[in-house]
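Residue-level structural notes
Residue-level listing of the chains:
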Amino acid sequence: MLNNTIIEKLFCLNIKYLGISLEGWDEKTNDYIRGTGQFDKVKKNLKYIDKLNKESKKKLQVVIQTNINSINYDMHEEFYDFFNQFTNYIITVGELSLLGNAKDNTEILSTPRKYYDFMINLNNYIKDKQFNSEIIFTNLNYYEILYFNLKKVINLFPEIYSCSINIGGFSILPNGDICRCSYLIDKQNEFSFQITNIGNILNVTENELNLLYKDVNYNFDYKNNETCKNCTLYSKCNYCYALQEENKFLISERCKIFIKKIEQIINEILENKIKIQIFDNIDLICHNDTFKVIKYYQGKNIEYKVTYTQFKYLLSLFKNQDSICDLSKDELKDIIFKSLICTKE
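In this section: the pairing of strand S3 (residues 90-95). Of all 6 residues in S3, 6 are buried; the element is thus mostly enclosed. Side chains of S3 alternate between two faces, with Ile-90, Thr-92 and Gly-94 and Ile-91, Val-93 and Glu-95 buried alike. Direction of pairing for strand S2 (residues 61-68) relative to S3: parallel, over a ladder of 6 bridges. When the sheet's bridge partners are listed, Gln-65 is paired in S3 with Thr-92. As for the winding sense of the linkage, the β-α-β connection from S2 through helix H4 (residues 76-83) to S3 is right-handed. Sheet topology places S3 next to strand S4 (residues 134-137); 4 bridges connect them, and they run parallel.

Spelled out as structure tokens, the structure:
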């Protein structure tokens, strides 16, 4: 468990990101899994980190790792109220897995439908409000985000989520010892990289920590999976190592479903069976024969280059014209994969 001494050490080590787990955004839902009093301890730690961030030239980016379960899936308003008291956090929203403290709580497991409901309800609730942090739905794969953006259910940056181990992430055990992940302690023989016996957070040096990301050279073996081996995102797709066998199947099957859904919409647009519109939070920029689009998300702005024909078509949509799509399939697919357009309401 974090304390002030460890937090101060993290600042000294120039740690860039600190992940803190919460199973809910109020005392009742969090402590049901984490234990009595844990919610209050986390709040105190967050306040101390905010204090040091304000006082120090060094900044520690807080990443809140939380999960949807059958208790909190309808608490989107409470989510907004609790997390909006903080600024510039990254909040990752996953789905409860039977690992760690949650392994004995099968009675509160969620479902994909409840996860989608929470995502949709939260998005609708905050879309016209100021929210001070970035939200990432880590249980959505890349194609699910694209599809829900395309249907204008959400407006999230499409990205591929990867285990933090791949970028030097580690866990701190209650005694201060460092391990790659507490869920992997008994699985050392399954991986080539070191999981335990790395050192103690109070004694380790910054240089020793910098070496952690260099010894990871591991990819899930998706080569025999038809969906995965034809995907251009294959090399970046490394989900939870602790659930790798489960994820091999789940990720590929869910991707397969949503790839087909997106392909169907692309064909219907080209056949003029459905109308599309440009997202509201987009700027079109033309300068010296260079065509750009800037899309604004919660917490980040993304700039894309587009072709002249793509720019012309986006401009016609921006002017609210019911334009017939004259793009090639590849050009249309490109702006869809940049989440620049969505189906018309």
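Gaps between atoms show up when a probe of the same size as a water molecule is rolled over them. Roughly 710 Å³ of internal volume is contained in the second largest pocket. Those elements that provide at least two residues to the lining of the second largest pocket are helix H5 (112-126), S4 and strand S9 (290-297). For the lining of the second largest pocket, the per-class residue count stands at 15 nonpolar, 5 polar and 9 charged.

What follows is about the nonpolar core. In terms of nonpolar packing, the biggest core is built from 89 residues, with Phe-79, Phe-137 and Leu-140 touching the most fellow members. Ranked by size, the runner-up nonpolar core spans 9 residues in total, among them Ile-165, Cys-181, Phe-193 and Tyr-241.

Overall, the coordinates contain 2 cavities of 30 Å³ or more when judged by the stated rule. Reported here for the second largest cavity is a volume of approximately 90 Å³. Every residue lining the second largest cavity is listed: Ile-269, Asn-272, Ile-274, Lys-275, Ile-276, Tyr-313, Leu-317, Gln-321, Asp-322, Ser-323 and Cys-325. Looking at the lining of the second largest cavity residue by residue, the class counts come to 6 nonpolar, 3 polar and 2 charged.

What counts as what
Residues numbered from 1 in each chain as written. Predicted model: local features only at pLDDT ≥ 70, side-chain atom pairs only at ≥ 80, totals over all residues. Heavy atoms only, no water. Buried < 20%, exposed > 50% of the residue type's maximum accessible area, 1.4 Å probe, protein only. Helix = DSSP H or I, 4+ residues; strand = E, 2+ residues; numbered from the N terminus. Pairing = 2+ DSSP bridges. Right-handed = clockwise from strand over helix to strand, strands pointing away. 1 Å grid on protein atoms, 1.4 Å probe; cavity = no way out; pocket = protein on both sides within 12 Å on 5 of 7 lines; lining within 4 Å. Points joined across faces, edges and corners; volume = space filled by probe spheres on them. Nonpolar A, V, L, I, M, F, W, Y, C, P; charged D, E, K, R; others polar. Core = buried A, V, L, I, M, F, W, Y, C linked by side-chain atoms within 4.5 Å.

The values reported here are purely geometric and, on their own, carry no functional implication.
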